[in-house]
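Architecture and fold: a report
Listed below are the residues making up each chain.
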Amino acid sequence: MAAASGSRIIPPIKFYQNSATSHPQPLFNTSGISVARYSNSNDSRNTVTGELSLRLQMPKKDFIGKTFCSAGVCTYPVDAIESHSDTTEEKIGVVLLNLGGPDSLQDVQPFLFNLFADPDIIRLPRLFRFLQRPLAQVISVLRAPKSKEGYASIGGGSPLRKITDEQASAIKLALEAKEVSANVYVAMRYWYPFTEEAVHQIKRDRITRLVVLPLYPQYSISTTGSSVRVLRDMFRNDAHLSRVPVAIIQSWYQREGYIKSMADLMEKELQIFPNPDEPLIFFSAHGVPVSYVEDAGDPYRDQMEECIFLIMQELKSRGINNNHTLAYQSRVGPVQWLKPYTDEILVELGKQGVKSLLAVPVSFVSEHIETLEEIDMEYRELALESGIVNWGRVPALNCTSSFIADLADAVIEALPSAETISTTCKATSDEAENDIVGYAIKMLFGSILAFFLLLSPKVISAFRNHML
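In this report, the structure presented in the accompanying data block is examined. (Residues numbered from 1 in each chain as written. Predicted model: local features only at pLDDT ≥ 70, side-chain atom pairs only at ≥ 80, totals over all residues. Heavy atoms only, no water.)

1. Here we look at the overall build of the protein
When you go through the protein residue by residue, the secondary structure sums to 14 helices and 13 strands. Counting only residues that meet the buried cut, the protein has 54% of its 468 residues in that class. Sequence separation of at least 24 residues holds for 81% of the intrachain contacts in the protein that already meet a minimum separation of 6. About 20,300 Å² of surface is accessible on the protein, with carbon and sulfur atoms providing 54% of the total. (Helix = DSSP H or I, 4+ residues; strand = E, 2+ residues; numbered from the N terminus. Buried < 20%, exposed > 50% of the residue type's maximum accessible area, 1.4 Å probe, protein only. Contact = heavy atoms within 4.5 Å. Areas by Shrake-Rupley, 256 points an atom, 1.4 Å probe, with all protein chains shown as cover.)

Next up, the structure:
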């Protein structure tokens, strides 16, 4: 992200003064959502939800944001759309997508297996994709002891399920306050309740219109993209669900309610410091491999930088002009991840004489191991050892009322864009997987590779050095 005019740049770290002179003043997009749409139909429908009667008309204008097919979110052609002609009272559903986390220490290794078995997390060449599960087994077994230590330090499990359930209940109440009746479901990608469980319940409840709301403000292949891919495939391959109109909110980092909610928490934490004007605002975002951005077109880095710009603009409007910087945390393995790295920058900040720092976990809307253990324990200790004296950390949004109200607004704004997903829309990659000859070749070469991968002591040692 380019530094704003008048920024003080201290190599190798970029400090950004809260100035708008290098960018035109952005106007908040009150909808601020990127919605996956399946056609530009002008079809209108009457929907009754509780006490509210909505005239849902498909808008002709494009929604802010883009649809990235490489991220597993397809824009379907018009001839792949089936009309939803039911005239019965609509039953609206909202499904919250999140990562999931182990409930106990015994769950850590199987949770890690599910994580690394996801082809959107470890992106193997097509020839070796059937090795995904054996590779995930090796990595999960080797990483489990260290991960268990982290979860033990925060109480023996992840709080993510509890917090997400609370967010679901809060969003349901917020929708009811706006006279919209909806069932709200939680769909975790790697642990209970799994996406499959939520989809089965949606089908049992006979939901007739669905909004998909990822609890990730910024879009990434590895988060929203992965969860949407699973959800989309389940709907596409089910005769009933394929007729249910679905609106997918791909990102919502630009929403005014979200930006203001973040600024509220940051402003409150700054007031705790002896001199609120002194702390460097340190945004720490979850990292992704560089290849996701440069090779696969993942918009995550661009969206993250725009999000931080909007937050700092909001703070500036309140008279808060602290310097700020961005770094990325939680990297795993030998590949290059987005830089700068949080741990390396904290050490450099100490060398540069920074004494007060406010850490902002910008890509996390719920407390979990990356905030409670990685930031609060590991990074805090590193910062203090590096010479930083005054440390503060902005809490995750969790169930902050303004944040929840804004998510409810996002759901209501997305409803008119819902369209059905046809069973006839098949990705070309699925067709390629059905090629018997190609599969036989993969099995032959992949089996040889699997033998060396799983049995070689040198490979096991390399995994311990690079993946732990």
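2. Quick word on the pattern of salt bridges
Taken as a whole and judged by the stated rule, the model has 21 salt bridges. For R393, the salt bridge is made with E367, and the minimal N-O distance between the two is 3.0 Å. Taken together, the residues R393 in strand 13 (residues 390-393) and E367 in the loop between strand 12 (356-361) and helix 10 (369-385) connect sequence positions 26 residues apart. Residue classification places E367 among the buried residues on the basis of a relative accessible area of 11%. Here the salt bridges do not stand alone but share partners, grouping E256, K260, D264, E267, E314 and R318 into one network. (Salt bridge = Lys/Arg side-chain N within 4 Å of Asp/Glu carboxyl O.)

3. Considerations on the environment of H200
With respect to the helices and strands, the residue H200 is situated in helix 4 (residues 195-204). Look at H200 and you get partly exposed, because its relative accessible area is 44%. Sequence separation between H200 and L241 is 41 residues; the distance between their C-alpha atoms is 9.8 Å.

4. Observations regarding unusual backbone geometry
The step from Y192 to P193 runs through a cis peptide bond, and the omega angle for that step is -10°. Along the polypeptide, P193 turns up in the loop between strand 7 (182-188) and helix 4. Geometrically, the link from K339 to P340 is a cis peptide bond, its omega value of 5° lying close to zero. Here P340 lies in the loop between strand 11 (324-329) and helix 9 (342-351). Unlike most non-glycine residues, R206 shows phi in positive territory, near 60°. With respect to the secondary-structure elements, R206 resides in the loop between helix 4 and strand 8 (209-214). Despite not being glycine, S330 has its phi angle at roughly 70°, a positive value. Among the residues examined, S330 registers a relative accessible area of 12% and is labelled buried.

5. Observations regarding the packing of aromatic side chains
On inspection of all chains with the given rule, the structure shows 5 aromatic pairs. When the centroid spacing of 5.0 Å and the interplanar angle of 70° are considered together, the rings of W191 and Y192 count as edge-to-face. Judged by relative accessible area, Y192 falls into the partly exposed class, the value being 41%. With a centroid separation of 5.8 Å and 40° between ring planes, the pair formed by W252 and F403 is classed as tilted. Taken together, the residues span a long stretch of sequence, with W252 in the loop between strand 9 (246-251) and helix 6 (256-270) and F403 in helix 11 (residues 401-414) at a distance of 151 residues. The burial state of W252 is the same as that of F403; both residues are buried. An aromatic cluster is present here, built from W191, Y192 and F194 joined pairwise through their rings. Directly above the ring of Y341 sits R331, whose terminal nitrogen or CZ lies 3.8 Å from the centroid. (Phe/Tyr/Trp six-rings, centres within 6.5 Å; stacked < 30°, edge-to-face > 60°. Lys NZ or Arg CZ within 6 Å of the ring centre and 35° of its normal.)

6. Focus: empty space enclosed by the protein
What the rule picks out here adds up to 2 cavities of 30 Å³ or more. For the second largest cavity, the calculated volume is near 40 Å³. Contributing to the lining of the second largest cavity are 10 residues, with L231, R232, V246, I248 and I421 lying nearest its centre. Looking at the lining of the second largest cavity, the elements that each hand over two or more residues are strand 8, helix 5 (221-236) and strand 9. For the lining of the second largest cavity, the element with the most residues is helix 5, which contributes 4 residues. (1 Å grid on protein atoms, 1.4 Å probe; cavity = no way out; pocket = protein on both sides within 12 Å on 5 of 7 lines; lining within 4 Å. Points joined across faces, edges and corners; volume = space filled by probe spheres on them.)

7. Some details on helix 8 (residues 300-317)
Across its 18 residues, helix 8 extends 26 Å between first and last C-alpha, which sits within 8% of the 26 Å expected from 1.5 Å per residue. In the stretch just after helix 8, G319 is the one whose phi turns positive, near 85°. (Expected span 1.5 Å × (residues − 1).)

8. Side note on the sheet that holds strand 10 (residues 280-286)
Strands sit in the order 11-10-12-13 across an open sheet of 4 strands; the sheet is parallel. Lying at the two open borders of the sheet, with one neighbouring strand each, are strand 11 and strand 13. If you compare each strand with its neighbour and ignore which way they point, the axes differ by 25° on average. As paired elements, strand 10 and strand 12 share 5 bridges and run parallel to each other. (Pairing = 2+ DSSP bridges. Axes fitted to C-alpha atoms, helices over the stretch in contact; angles between N-to-C directions.)

9. Focus on the pairing of strand 8
Among the 6 residues that make up strand 8, 6 are buried, leaving the element largely enclosed by the rest of the structure. Neither face of strand 8 is left uncovered, since the one carrying R209, V211 and L213 and the one carrying L210, V212 and P214 both have all their residues buried. Relative to strand 8, strand 6 (residues 92-98) is paired through 6 bridges, and the arrangement is parallel. Note on strand 8: the bridge partner recorded for G93 is L210. Of the strand pairs in this sheet, strand 8 and strand 9 are connected by 3 bridges, and their pairing is parallel.

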